[in-house]
Amino acid sequence: STLFPYTTLFRSPAGKSLSSEAFAKKMSQWSLEGKSAVTFIIGGSSGLSNEVRKRGDYKLSFSNMTFTHQMMRLFLLEQIYRCFKINAGETYHK
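Read on for a plain summary of the structure. Computed from a prediction, not measured in an experiment: that's the story for all the values here.

Criteria and cut-off values
Residues numbered from 1 in each chain as written. Predicted model: local features only at pLDDT ≥ 70, side-chain atom pairs only at ≥ 80, totals over all residues. Heavy atoms only, no water. Helix = DSSP H or I, 4+ residues; strand = E, 2+ residues; numbered from the N terminus. Contact = heavy atoms within 4.5 Å. Areas by Shrake-Rupley, 256 points an atom, 1.4 Å probe, with all protein chains shown as cover. Lys, Arg positive; Asp, Glu negative; His and termini not counted. Charge placed at Lys NZ, Arg CZ, Asp CG, Glu CD. Buried < 20%, exposed > 50% of the residue type's maximum accessible area, 1.4 Å probe, protein only. Expected span 1.5 Å × (residues − 1). Core = buried A, V, L, I, M, F, W, Y, C linked by side-chain atoms within 4.5 Å. Phe/Tyr/Trp six-rings, centres within 6.5 Å; stacked < 30°, edge-to-face > 60°.

**Things to note about the overall build of the protein chain**
From N to C terminus, the protein chain includes three helices and three strands. Mapped from its N terminus to its C terminus, the protein chain presents α and β elements in the order β-α-β-α-β-α. Once the C-alpha set of the protein chain is aligned to its principal axes, its extents read approximately 40 × 35 × 20 Å. A sequence separation of at least 24 residues applies to 80% of the contacts in the protein chain between residues at least 6 apart. For the protein chain, the computed accessible surface area is about 6600 Å², with 54% contributed by carbon and sulfur atoms. Each charge class in the protein chain can be summarised by its mean position, and for the 13 positive and 6 negative side chains these summaries are 5 Å apart.

Structure, rendered in structure tokens:
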């Protein structure tokens, strides 16, 4: 058991594709499981090393398309914000 339980999530075209609502539910689930931090990893143009992939707890797909690293950071940030709004019962996501 670690002092600060966490989940490591990385973006992968082979990962699971979730709606915003399902992503919010997953984030809430991790929180309820006592995971106090989530680490998001976005690979570069060459992808992620096998070592990094092995350490990931969850693979998430945003799309089968290729995006710049900067755009993925923006998409991820917006989805995290959306998760908090959904989980707070607010209507930002509509």
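**Details of the side chain of glutamine 79**
Here glutamine 79 is to be found in helix α3 (residues 69-87). When its relative accessible area of 16% is taken as the criterion, glutamine 79 is described as buried. With near-sequence residues (within four places) excluded, glutamine 79 lies in contact with Ser20, Phe23 and Phe62.

**Brief notes about α3**
In this model α3 runs 27 Å from its N-terminal to its C-terminal C-alpha over 19 residues, within 8% of the 27 Å that 1.5 Å per residue would give. Within the sequence span of α3, burial applies to Met72, Leu76, Gln79, Ile80, Arg82, Cys83, Lys85 and Ile86.

**A closer look at the nonpolar core**
Residues Leu9, Phe23, Ala24, Met27, Trp30, Tyr58, Leu60, Cys83 and Ile86 constitute the largest nonpolar core, which totals nine residues. Listed by contribution, the elements that provide at least two residues to this core are α1 (20-32), β3 (58-61) and α3. No other element matches α1, which puts four residues into this core. Setting aside residues no more than four positions away along its own chain, leucine 9 makes contact with Phe23, Trp30, Val38, Thr39, Phe40, Ile41, Tyr58 and Leu60.

**Quick word on the packing of aromatic side chains**
By the definition in use, this model includes two aromatic pairs. Centre to centre, the rings of tryptophan 30 and tyrosine 58 are 5.5 Å apart; their planes meet at 80 degrees, and the pair counts as edge-to-face. With tryptophan 30 in helix α1 and tyrosine 58 in strand β3, this residue pair connects regions lying 28 residues apart in the sequence. Of the two residues, tryptophan 30 and tyrosine 58, both sit in the buried class. Judged by centre distance (5.2 Å) and plane angle (85 degrees), the rings of phenylalanine 67 and phenylalanine 75 are edge-to-face. The exposure class assigned to phenylalanine 75 is partly exposed, which follows from its relative accessible area of 29%.

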